[in-house]
Amino acid sequence: TGPSIWVSARWEQWKVDRALRARDFDGARAEIAQLRAELERLRLQEAREAPERAEAREAIRLFGLRQNLGLDLRAARIVSNNRKAPFSGMVVEPALGPTLQSDQGVIAPEGVVGRIWSASAQQASVLPLDAYNGSTGVMLGRSRATGVLQGTAPGRAEIRYISAQEVVQAGEPVYTSGLDGVFPRGLLVGFVTSSRVRDIELTVEVGLAARLDRLHLVYILPPSPPLELEAPSARPVGASDRRKGVR
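So, how was this worked out
- Residues numbered from 1 in each chain as written.
- Predicted model: local features only at pLDDT ≥ 70, side-chain atom pairs only at ≥ 80, totals over all residues.
- Heavy atoms only, no water.
- Pairing = 2+ DSSP bridges.
- Helix = DSSP H or I, 4+ residues; strand = E, 2+ residues; numbered from the N terminus.
- 1 Å grid on protein atoms, 1.4 Å probe; cavity = no way out; pocket = protein on both sides within 12 Å on 5 of 7 lines; lining within 4 Å.
- Points joined across faces, edges and corners; volume = space filled by probe spheres on them.
- Nonpolar A, V, L, I, M, F, W, Y, C, P; charged D, E, K, R; others polar.
- Axes fitted to C-alpha atoms, helices over the stretch in contact; angles between N-to-C directions.
- Polar contact = N/O pair within 3.5 Å; in protein donor to acceptor, adjacent residues only side chain to side chain.
- Buried < 20%, exposed > 50% of the residue type's maximum accessible area, 1.4 Å probe, protein only.
- Salt bridge = Lys/Arg side-chain N within 4 Å of Asp/Glu carboxyl O.

A. Structural context of the pairing of strand β1 (residues 74–81). Relative to strand β12 (residues 217–220), β1 is paired through four bridges, and the arrangement is antiparallel. Across the sheet, residue A75 finds its bridge partner in β12, namely Y219. Note: β1 against strand β2 (residues 90–94), five bridges, orientation antiparallel. What sits directly across from I78, in β2, is V92.

So, in structure tokens, the structure goes:
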């Protein structure tokens, strides 16, 4: 009869529509799964390529540093970094050349890194600025008062042997003094974060300019570099930003 045919036709059409919707849903779910897989692949690729891009940026900044200093610098790659362990440091692999010597300075575009502690033909251990047993001759940027920088914690150090009469301000730059024979005068070390009087001297807390935990490439200074360098007109990359963030 007419009603039965109409109901049957509607039933068949409903089944067709349901099958189409199910197929569309399955297709959409498969497409979403494919997009998620592609996104994960891109994330993994990004993670793999990130160190290479960071190293490339460092290499560009290193080239600029070499142009500014005008010294016979030797590039090296950091292959190990155990600075967070007490009395530990870094291991570097220098470019081809003579075996490095103890007390050769190590620098990066952002600032001083440390000094060579011991060396073999292929590698050298570096005593970083924030090592407890490290010491570096430094001077304050404004008064030019000199002292000795010693590590206190990762990325932190303090200056000893500054007269209690000195006026030191937070944010004041700290440079190498050149008096230790390891670094020329005027290389950026860090910025003052605070100071306090202890007995007859002023202890000055310093935040290091170079992010030692993020470095991949560095330069090795020649042994016994000259005391004075031609000072570049521009400050190291990122220095002003870090200074503004000092409290």
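B. The arrangement of empty space enclosed by the protein in detail. Under the counting rule described, the total for this entry stands at one cavity of 30 Å³ or more. Taken as a whole, the largest cavity holds about 40 Å³ of empty space. Considering the residues around the largest cavity, the lining is formed by G114, R115, L127, P128, L129, G134, S135 and T136. Breaking the lining of the largest cavity down by element, the ones donating at least two residues are β4 (111–119) and β5 (124–128). By residue class, the composition of the lining of the largest cavity is three nonpolar, four polar and one charged.

C. Broad picture of the sheet that holds strand β9 (residues 173–176). Read around the closed barrel, the six strands follow the order β6-β7-β8-β11-β10-β9; overall the barrel is antiparallel. Taken pair by pair, the neighbouring strands of this sheet meet at an average axis angle of 45°, ignoring direction. As paired elements, strand β7 (residues 146–153) and strand β8 (residues 156–163) share five bridges and run antiparallel to each other. Across the sheet, the residue bridging to A153 is R156, located in β8.

D. Examining the environment of T193 more closely. As for its position among the elements, T193 is in strand β10 (residues 188–198). Remark: the alpha-carbon pair of T193 and E205, spanning twelve residues in sequence, is separated by 5.5 Å. At 3.0 Å, the side chain of T193 and the side chain of R156 are in polar contact.

E. Quick peek at unusual backbone geometry. You will see that D103, though not glycine, has its phi angle at about 70°, which is positive. Relative accessible area serves as the criterion here: at 40%, D103 is assigned to the partly exposed category. The backbone of S224 sits at a positive phi, close to 50°, despite the residue not being glycine. Within the secondary structure, S224 sits in the loop between β12 and α2 (239–244). S224 sits in the exposed class, given a relative accessible area of 64%.

F. Inspection of the pairing of β9 at higher detail. Where strand β6 (residues 136–140) and β9 come together, three bridges link them in antiparallel fashion. Bridge assignment links L140 to a residue of β9, and that residue is V174. Strand direction decides the pairing type here: β9 and β10, joined by three bridges, are antiparallel. Each bridged residue has a counterpart across the sheet, and for P173 the counterpart in β10 is F191.

G. Representation of the sheet that holds β4 within the structure. Taking strand neighbours around the barrel as the criterion, the six strands line up as β1-β2-β5-β4-β3-β12 in a closed arrangement whose pairing is antiparallel. Going from strand to strand, the sheet's axes swing by 45° on average, the running direction of each strand aside.

H. Molecular detail of the pattern of salt bridges. Overall, the coordinates contain eight salt bridges when judged by the stated rule. Its salt-bridge partner being E228, residue R185 comes within 2.3 Å of it at the nearest N-O pair. Residue R185 is found in the loop between β9 and β10, and its partner E228 is found in the loop between β12 and α2; the two are separated by 43 residues along the sequence. Between R196 and E205 there is a salt bridge; the shortest N-O distance is 2.8 Å. For R196, a relative accessible area of 39% puts it in the partly exposed group. Ionic contacts of the salt-bridge type, sharing partners, join the residues D103, R115 and D180 into one network.

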